[in-house]
Amino acid sequence: MPRRRFTEKPSLSGNRRIFLLQKRRNPLDILLEKRLNCLPMEPLSPAYFRNRLAQMLADSLTGPIREGTPRTVYKTLCLPGKATVIIGMRRAGKTTFLHQIRRQRMQSGHPLERLPYINFEDERIAGIGAEHLNLLVEEYYRLFPAFRGKETVSWFFDEIHVVPGWERFVRRLLDTERVEVFLSGSSAAMLSREVATSMRGRGWEVVIHPFSFEEFLRHHGHALPDRLERLTSAKRSELEHAFHQYLKIGGFPEAQPLSDADRFALLRQYVDVAVLRDVMERHDITNIAALRRLVRHLLGNPAGLFSAEKFYRDLKSQGIAVSRDTIHQMIAALEDCFLVRICWLDAASERRRMVNPRKVYPVDPGFIRVFDRMGKADVGHALETAVRVELERRTAEAAYVKTAEGYEVDFLAKFPDGRRELIQVCADLEDPDTLQREIRALEAARSEYPGAELRLITLTPDIASGFSKSIRITAATDWFLEHVNISTNER
């Protein structure tokens, strides 16, 4: 950018003119010019950050804790000596979950004074560096010296990724103080594999997805049923109506009260921000045309088989130049930022697994209607998408199965306790041919996976009732609420 011009008197010598011009300039002009010309700024003093961190500490330890819909996690929330790292899709509710943990700690007897919370995106501490983070600890123990070394203090650091070098500070805090640490941050900057490396094994990952159906019911004020088998017909109808709304609206908290038009605009904005910040900027991807085509294709074909080779040929035929490696890089980046979830073919051979198409799902069924190009979003695809994300929420590994006879089963779910389930998902079983096809695929897969439980999840379970003794026919609402009695506390 050209520098500002000034009117000069020709009678003055060159050095004298420069001196007078600089003398007349406003200090604010000098500061602005430094910013515009990217000249180095003087670093803010430690005292500056100490004062602002002290104020933020006081605010967090005296004000009310933010309320929110209780979230459920299916794994241990924290481990001794490790920092709990909350990750997930943007706007899924990670910050609210941090405050939920604070409320739970208070309910278990911890005073608010031992639950400090700091949001590092606060503009009052913009420019803070890792060298200033110890000021926060020292200021806290100046306020509460009796806690040091005697009481466990639970630190909650939100958006800590904006501080370069934060990992070293957190490791030292864990090593030198009596604390437990909870972190959240952008999914682009808090990838599980990178946190594991930078934290030297001191990070424990907890994923927060958009609302599950159970959380959706809580958010909208519906009472969770104690015994699903004892529901009256009227209550069952209410539950099924709510489930159809869940498949339509999805689970992003901010999207719940919006009209269709506003919700579509909001969800498109989520996708745009994730693509820009978490994919393009984070992974230095510059082929915007190919990336946008890929995103529209994946979100517009939920639960579909995706072949990178076929997509590469399609782009080439349209005159869009992109390499196969770049397409694979884009898919990995979209999964890293939790915009999509992927299912690979279950195969003993790694080569067979890699050469077969993968199934791709949006992270939330609410995206499906937004990116539906045909104007007739399939409730079956929304149901299968919701099942895929729920399996991940329940910490199961999910793959799809293709039998020797060519039949396909939607999911092989492998749970941490060793259980395996072959799961077929079909919204409507009214067509006898459809029912036969789903049953036949499960029975064909049984011989290849002995010991696996067979399950068919559907919106119309009464039609298939008693059809097969070896296959559990489960209403979708019942399957999603199987674990309503699991506490949101540590498991």
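Structure first, text after, so check above.
All figures in this text were calculated on a predicted structure; none of them were measured in a lab.

Asker: What am I meant to see in the overall build of the protein chain here?
Answerer: Counting secondary structure elements, the protein chain contains 19 helices and 13 strands. For the protein chain, the residues scored as buried account for 48% of the 491 residues in total. Put simply, 71% of the contacts in the protein chain that link residues at least 6 apart link residues at least 24 apart. Summed over all atoms, the accessible surface of the protein chain reaches about 24400 Å², with 50% contributed by carbon and sulfur.

Asker: For this particular structure, what's the right way to read the sheet that holds strand β7 (residues 340-343)?
Answerer: Strands in a sheet are paired, the pairing made by backbone hydrogen bonds, and the direction either parallel or antiparallel. Read across the open sheet, the three strands follow the order β6-β8-β7; overall the sheet is antiparallel. Among the strands making up the open sheet, the edge pair consists of β6 (304-306) and β7. Strand-to-strand twist of the sheet, defined as the mean angle between neighbouring strand axes without regard to direction, takes the value 40°. By the bridge criterion, three bridges tie β6 to strand β8 (residues 358-362) in an arrangement that is antiparallel. Bridge pairing in β8 links Gly304 to Val360. Its contacts with the sheet put helix α13 (residues 324-336) on β6, β7 and β8, and the angle it makes with β7 is roughly 115°.

Asker: So what exactly am I meant to see when it comes to the packing of helix α9 (residues 233-249) against helix α16 (residues 379-393) here?
Answerer: In helix packing, the relevant descriptors are the interaxial angle and the interaxial distance, both defined with respect to the helix axes. Interhelical geometry of α9 versus α16 gives an angle of 85° and a closest axis separation of 9 Å. In this view, α9 runs roughly perpendicular relative to α16, as classed from their interaxial angle. From α9, Phe243, Tyr246 and Leu247 reach across to α16, where they touch Val379, Ala382, Leu383 and Ala386.

Cut-offs and rules
Residues numbered from 1 in each chain as written. Predicted model: local features only at pLDDT ≥ 70, side-chain atom pairs only at ≥ 80, totals over all residues. Heavy atoms only, no water. Helix = DSSP H or I, 4+ residues; strand = E, 2+ residues; numbered from the N terminus. Buried < 20%, exposed > 50% of the residue type's maximum accessible area, 1.4 Å probe, protein only. Contact = heavy atoms within 4.5 Å. Areas by Shrake-Rupley, 256 points an atom, 1.4 Å probe, with all protein chains shown as cover. Pairing = 2+ DSSP bridges. Axes fitted to C-alpha atoms, helices over the stretch in contact; angles between N-to-C directions. Parallel < 35°, antiparallel > 145°, perpendicular 65-115°, else oblique.

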